[in-house]
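Report on the structure
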Amino acid sequence: MMPFAVFGQTQNATEGDSFTSKQTYKNYLHQDIEIDAVLDTLGHTIAINQKVVYHNYSKDTLKTIWFHNWPNSYANKTTPLAIRFEEDYKRIFHFAKPEERGSTDLQNISNAKSETLAWEKPDAIDDILKIDLRKPLLPDSSTIINLQYTVKLPDSRFTGNGYTRNNNFYLRSWYIIPAVYDGEWEVYSDKDLIDFYAPLCDYKVNFTIPEYYTLSSGLVHTKTEALADTKKVFLEGNNLRDLQIYIQKHPDFYRLPTDKFTIKTNISEPSLDTETKLQIGNRITNFLDSLIGPLPIKNILVSDIDQRKSPIYGLNQLPEKLRPFTNRFQYEMELLKTTTNAVLDRVLIINPREEKWVTDGILIYGLMTYVDRYYPEMKLGGSFSKIFGLKWFHAVNLDFNDQYYLGYKNMARRFIDQPLDMARDSLLKFNYSISNMYKAGLGLKYLEDYLEDDVVSKSIKNFVNEWQFKQSSAQDFKTILETHAQKDIDWFFEDYVATNKKIDYKIADVTDRGDSLMVTLRNRRNNTMPVSLYALKEDSIVNKIWVKGFLNDTTLVLSKNNANRLVLDYNRTIPEVRRSNNYKNLDGVFNKPLQLKLFKDVEDPSKNQTFFMPVLEFNNIYDGVTVGGKIYNKTIIKKPFIYKLTPTYGFKSKALLGSFLFTLTQQINDFGWYAFNAGISGSRTSYARDLYANGLAPSVSLFYRKKDLRSNLFQSINIRNVSIYRDRDPDIPLNTPNYSVLNARYYFSDSNFSNSFIFRGNLEISKRFSKISTTAFYRKLFLSNRQISFRLYAGTFLNNNTQADNGYFDFALDRPSDYLFDYNYIGRSESTGLASQQYIVAEGGFKSILPTRYANQWITTLNGTVSIWNWIHAYGDIGLLKNEGFTPYFAYDSGIKLSLVTDYFELYFPVASNNGFEIGQPNYDRKIRFLVTLNFKTLIGLFTRRWY
């Protein structure tokens, strides 16, 4: 949902009096709020009486005032927050009990005269509130709004906010608060993005809690009054936007009274004593003083929830016994990131939904500077870099700060990176959680290296000093940077921040002219971001120059100074999408040495890497366990060009098997038909006992996506030519053992957790037949938790001269022959036994084995399921099959499906079909079908779909 842009109505204003520029109101966003709250620990509710003194600092006359009602974000399954959960495949909220969700029950809204004020939820959005004033609010005047309401707290499992299973209470955005008005109302729905935007407020809070609970917050605790079985805690705080309050039976917060300000936290590390933690706290606050200057704050609250919502990603997240970092370093980095984040959020009033990249950039820049200053030798793999075997991996020997480049490159290589200035609710989860934060910090380091002085660090300090506790923007940050910079930095904001354009320079040509070198550089992308060029003698830098951004090619001359190597971005401060083409050897034949390594690793751009990995797997019952090796160039982060050679030996078949793959993927647009892939693959495998099939398939594909990358709509077109060469089976003579099929496929998908629609179109043309088919699938999860799904399949032969092939190329009702070898059958030629009971969702999609199983003219089927309880479903199939010389055959079956892991591991128990009532029939266990996915990549997709 886009933010509301609601302008205040102006009375009796001339054209010169009407202000709509946000710049006008920057220094005036400040309100007064008094809250009297009573916590019910059994009902998980807070009864609130609230007084808001709203000051109109604008030049507009206001007739309405807009509020954030984020406690009501949890009210039902259709709120913006609930929809966000669906988009991110979070099941827990949809299946939660009504009493586990939160809500706001508004009893009364009135003015200072106790006159009731009308209110509404604009556009029926549950967490936004618009209150109509009885009298227009003139500029430089104020009004009082009294609110009486009850907040039902949500289960903290959803977002970390609410009540816990131990009946502790973690409260953030737990009350109704005015929105920011800066010429327009900046109103946003809660989407669990940690981007609450509110004006600065002075607070007075009286919070009544049971006597055996303790309240912790960032406010000043003025006094406590003991009542009967309860106590009232009095709190005050100024210049705050949100109140975070923690109410616990057994408080775990402790104080670190550092030299600069007090850190109040419950980030735990039992192995460290209080003195060590205080030393760490002092180091952090002194560093922040050098990074952003002195701060007019006395204390800051940082919690383990804040840390978990924005952790230090990477090996730091391994269990303690496996983690390759000391407990001190782990604690220090967690406290550093969480404290820095809290400080920036406290002092910089910048719209986090629209311009979070500014504070994210300062945060990551600070983390990188801190590690460079205090832990310059720290490696990404920590102690792993010293362990025999592990220390051979390039990944563990990277600098600790290299994780930020890898995090950004992961998305850039997937073609799903997004601009830094894009609204936070339009970003993919991985981007708003990791990649865009990292890119922002890397950008400031890139800019720092380009300006070659302390411009960036000075600008950060000046920005925080000038704009603390004032509404600011990215434009203000830009103005300060431009004021200090001695070079043009428009490229940083126009290309690096405002777009997702990639950086990719290469050294195209070098001509040796004795004491000088004529170097041609090539910009492989459409941007004008600068690049650094180094001349090296062995590993010593003999020259470094910055080259202004250019399009296409540029040629320059530099002194040779006995250099034997040229490198672009030698110190790796530029977040290039591809660094492997940055090297030019002036003495030898090869620019980079060849490196053969055991197991996959991260890319080392200074080497030509080839990996080898032993292979031990099970693909089918004919080959049994296969052993061999995989030779490939694929790294942990995707690469454009991939090759893979996998020779194997089957212990059961006693035969040489294997596969190969060569593929190239390139991005051609940001959206629409945005990428293409071209490649060729081949394989040798058993398709029956002592019978083998060799396959070869060149292919080309196009991929489509919407401009909004959060959209799950995806399309693809694939054209391939599949050639199969099979050994002849003496028991089943085939007229066409070897064949070639030209196959064109179209795929459309638009799915999320509660709704899924998929359409497939398929055309096959071969020498002896041609056919066309379509598949449409729809799945719906209703608000009542009832789920239904339908799958329609229809196919017809355009021509068919394969009657002598025993139905091998026919349409199948329940078990396709898979003549294109697309499916992972564990026993593709089996007609009895467990392997024959494997179910593949393809073609007719039936589960029961009926008298007529194939169609050599046309087929139409409809498959349906409906949930009974949780993962238990009822299924039913109907269809018509037409064979030459026969009337259409009507088929049906029904039964129970156990969807243990949807689409990945399922069991089917037939009940009734054309065969009759199947449960009472002999050998019923042989009628049960199972669906299983053995592909590791497919299973990983269950988890990564939340992030990408």
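Above this text is the structure in question.
A short tour of the structure in this document, coming up. Counting restarts for each chain: residues are numbered from 1 in the order of the written sequence. Whole-chain, interface and lining totals are the exception, using all residues; otherwise, since this is a predicted model, local features are given only for residues with pLDDT of at least 70 and side-chain atom pairs are given and counted only at 80 or more. With hydrogens and water excluded, all non-hydrogen atoms of the structure serve as input to the side-chain values.

**Notes on the overall build of the protein**
- Numbering of helices and strands runs from the N terminus; a helix is a DSSP stretch of H or I covering at least four residues, while a strand is a stretch of E covering at least two. Helices and strands together make up the secondary structure of the protein, namely 13 helices and 50 strands.
- Taken over C-alpha atoms, the radius of gyration is set against a globule rule of 2.2 Å times the number of residues to the power 0.38. In terms of overall dimensions, the protein is globule-like: its C-alpha atoms have a radius of gyration of 33 Å, near the 30 Å expected for 948 residues.
- The dimensions of the protein, computed from C-alpha atoms along their principal axes, are 95 × 85 × 65 Å.
- Burial classes follow relative accessibility: with a 1.4 Å probe on protein chains only, a residue under 20% of its type's maximum area counts as buried, one over 50% as exposed, and anything between as partly exposed. Here the protein holds 948 residues, and the buried ones make up 55% of them.
- Two residues qualify as a contact provided that any one of their heavy atoms is within 4.5 Å of a heavy atom in the partner residue. Contacts in the protein between residues at least 24 apart in sequence constitute 64% of all its contacts with a sequence separation of at least 6.
- Here the protein displays about 41,400 Å² of accessible surface, and carbon together with sulfur accounts for 54% of that area.
- A positive count includes Lys and Arg, and a negative count includes Asp and Glu. His and the chain ends are not counted in either. Every charge is mapped to an atom, namely NZ of Lys, CZ of Arg, CG of Asp or CD of Glu. The centroid of the 115 positive side-chain charges in the protein is displaced by 5 Å from the centroid of its 104 negative side-chain charges. Only the protein chains shown count as covering a residue, and every accessible area follows the Shrake-Rupley method with a 1.4 Å probe.

**Let's talk about the sheet that holds strand β10 (residues 169-171)**
- Spatial strand order, β9-β10-β18-β15: four strands in an open sheet with antiparallel pairing. Among the strands making up the open sheet, the edge pair consists of β9 (162-163) and β15 (214-217).
- By this definition, two strands are paired if DSSP reports at least two bridges between them. As paired elements, β10 and strand β18 (residues 245-248) share three bridges and run antiparallel to each other. Bridging from a neighbouring strand, Phe169 pairs with Ile247 of β18.

**Let's talk about the pattern of salt bridges**
- By definition, a salt bridge exists where a carboxyl oxygen of Asp or Glu is found within 4 Å of a side-chain nitrogen of Lys or Arg. Taken as a whole and judged by the stated rule, the model has 48 salt bridges.
- Here Glu100 and Arg157 are joined by a salt bridge, their closest N and O atoms 3.4 Å apart. With a gap of 57 residues between them, Glu100 in the loop between α2 (91-94) and β5 (103-111) and Arg157 in the loop between β8 (141-152) and β9 connect regions that are remote in the sequence.
- Three or more residues are tied together by salt bridges with common partners; here these are Arg84, Glu87, Asp88 and Arg710.

**Some remarks on empty space enclosed by the protein**
- Only protein atoms enter the 1 Å grid used here. Points where a 1.4 Å probe fits but cannot escape make up a cavity, open sets with protein on both sides within 12 Å along at least five of seven lines make up a pocket, and a residue lines them when an atom lies within 4 Å of a point. Grid points are joined across faces, edges and corners, and a volume is the space filled by probe spheres set on the points. Applying the stated criterion to the full structure yields five cavities of 30 Å³ or more.
- Considering the residues around the largest cavity, the lining is formed by His394, Leu398, Asp402, Tyr405, Leu406, Lys409, Arg572, Arg579, Val602, Glu603 and Pro605.
- Tallying contributions element by element places helix α8 (residues 402-413) first for the lining of the largest cavity, with four residues.
- Residues were grouped as follows: Ala, Val, Leu, Ile, Met, Phe, Trp, Tyr, Cys and Pro as nonpolar; Asp, Glu, Lys and Arg as charged; and all remaining residues, including Gly, as polar. Residue classes in the lining of the largest cavity are distributed as five nonpolar, one polar and five charged.

**With respect to unusual backbone geometry**
- Residues other than glycine seldom take positive phi values, yet Asn167 does so here, at roughly 65°.
- We classify Asn167 as buried; its relative accessible area is 16%.
- Unusually for a residue other than glycine, Lys654 sits at a positive phi of about 55°.
- Relative to the assigned elements, Lys654 resides in the loop between β34 (641-650) and β35 (655-667).

**Let's talk about helix α5 (residues 327-347)**
- Between the first and last residue of a helix there are one fewer steps than residues, each counted as 1.5 Å, and that sum is the expected span. Taking 1.5 Å per residue as the helical rise, α5 with its 21 residues ought to reach 30 Å, and the 30 Å between its terminal C-alpha atoms agrees with that figure.
- Of all 21 residues making up α5, 17 are buried, and the element is well covered by its neighbours.

Any functional reading would require information that these geometric values do not contain.
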